[in-house]
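Each chain, written out:
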Amino acid sequence: MSHYDPIDASARAQWENLSPWRRRLFLFLRGVAAFLLLEGIIHWAVILGIGDGPESRFEAMPMAAQAAVIWAAIIDPIAGVGLWLRAGWAIVLWLLATLTQVVLGVWAPAGMTRLMLFTLVELALVVAYAVLSIRAARESDQD
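Residues numbered from 1 in each chain as written. Predicted model: local features only at pLDDT ≥ 70, side-chain atom pairs only at ≥ 80, totals over all residues. Heavy atoms only, no water.

With that out of the way, let us pick up the packing of helix α2 (residues 20-48) against helix α3 (residues 63-84). Closest axis-to-axis distance for the α2/α3 pair is 7 Å, and the angle between their directions is 155 degrees. By the angle class used here, α2 and α3 are roughly antiparallel. For the element pair α2 and α3, the recorded crossing hand is left-handed. Residues Leu-29, Arg-30, Val-32, Ala-33, Leu-36, Leu-37, Glu-39, Gly-40, His-43, Trp-44, Val-46 and Ile-47 of α2 form the contact with α3, whose participating residues are Val-69, Ile-70, Ala-72, Ala-73, Asp-76, Pro-77, Ala-79, Gly-80, Val-81, Leu-83 and Trp-84. (Axes fitted to C-alpha atoms, helices over the stretch in contact; angles between N-to-C directions. Helix = DSSP H or I, 4+ residues; strand = E, 2+ residues; numbered from the N terminus. Parallel < 35°, antiparallel > 145°, perpendicular 65-115°, else oblique. Left-handed = near helix turned anticlockwise from the far one by under 90°. Contact = heavy atoms within 4.5 Å.)

This brings us to the layout of surface pockets. The computed volume of the largest pocket comes to approximately 220 Å³. Counting residues per element, the ones that place at least two in the lining of the largest pocket are α2 and α3. The element best represented in the lining of the largest pocket is α2, accounting for five residues. A per-class count over the lining of the largest pocket returns eight nonpolar, one polar and three charged. (1 Å grid on protein atoms, 1.4 Å probe; cavity = no way out; pocket = protein on both sides within 12 Å on 5 of 7 lines; lining within 4 Å. Points joined across faces, edges and corners; volume = space filled by probe spheres on them. Nonpolar A, V, L, I, M, F, W, Y, C, P; charged D, E, K, R; others polar.)

Turning to unusual backbone geometry, a few remarks are in order. Even without being glycine, Arg-86 reaches a positive phi, approximately 65 degrees. Mapped onto the secondary structure, Arg-86 falls in the loop between α3 and α4 (88-107).

The next point concerns the packing of aromatic side chains. The full count for this structure, using the stated rule, is two aromatic pairs. Between Phe-35 and Phe-118, the aromatic rings sit 6.3 Å apart at their centres with planes inclined by 55 degrees, giving tilted as the arrangement. Of this pair, Phe-35 sits in helix α2 while Phe-118 is found in helix α5 (residues 113-142), placing the two residues 83 residues apart along the sequence. Each member of the pair, Phe-35 as well as Phe-118, is classed as buried. Judged by centre distance (5.8 Å) and plane angle (80 degrees), the ring pair of Trp-94 and Tyr-129 falls under edge-to-face. Taken together, the positions of Trp-94 in helix α4 and Tyr-129 in helix α5 put the pair 35 residues apart, joining distant regions of the chain. Assessed through its relative accessible area of 0%, Trp-94 is described here as buried. Here the basic side chain of Arg-24 rests over the ring of Trp-21, its NZ or CZ set 4.3 Å away from the ring centre. The positively charged end of Arg-30 is found above the aromatic ring belonging to Trp-84, 4.2 Å away from the centroid. (Phe/Tyr/Trp six-rings, centres within 6.5 Å; stacked < 30°, edge-to-face > 60°. Buried < 20%, exposed > 50% of the residue type's maximum accessible area, 1.4 Å probe, protein only. Lys NZ or Arg CZ within 6 Å of the ring centre and 35° of its normal.)

Moving on, we come to α2. With 29 residues, α2 should reach 42 Å at 1.5 Å per residue; the first-to-last C-alpha distance of 42 Å fits that figure. Of the residues flanking the end of α2, it is Gly-49, one or two places downstream, whose phi is positive at about 85 degrees. (Expected span 1.5 Å × (residues − 1).)

Soluble globular proteins tend to bury their nonpolar side chains together. In this structure, Phe-28, Leu-29, Val-32, Leu-36, Leu-83, Trp-94 and Tyr-129 are the most contacted members of the largest nonpolar core, which totals 20 residues. With seven residues, α2 is the largest single contributor of residues to this core. With near-sequence residues (within four places) excluded, Tyr-129 lies in contact with Leu-25, Phe-28, Leu-29, Ile-91 and Trp-94. (Core = buried A, V, L, I, M, F, W, Y, C linked by side-chain atoms within 4.5 Å.)

As a further point, take the side chain of Glu-39. For Glu-39, the position within the fold is in helix α2. Here Glu-39 falls in the buried class, since its relative accessible area comes to 1%. Polar side-chain contacts of Glu-39 include one of 3.5 Å to the side chain of Gln-101. Setting aside its immediate chain neighbours within four residues, Glu-39 contacts Asp-76, Gln-101, Phe-118 and Glu-122. (Polar contact = N/O pair within 3.5 Å; in protein donor to acceptor, adjacent residues only side chain to side chain.)

Structural measurements only, silent on function.
Structure, rendered in structure tokens:
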């Protein structure tokens, strides 16, 4: 039995061909993917009633907050898996999910305090993504 795995070999070769900023962008997107998967689990915990107590009950939330929680519970894990697998559509889905959370947070702030924390973190991640992708693009233009 050989220790050579063609899948690992191609992934390793691709990793070695990446420029330093592209590597940083790759690792950053993996971190965002992990964050989105964790956020999805937390949103599902809110829906299922696993949490702090009666004040965090899903049924007691305003309708807009319920919609935002359900949206995030579905979209965030999908975007997280897509980002982990480096699918091109995943970045668009992640940005759409973040934009939707921002709009819902501005439109109906009542009951959205927990979601606003996630939204602020995701907005910071979007800004960091923009900076990293611009630097990676500049670096590849210089080559």
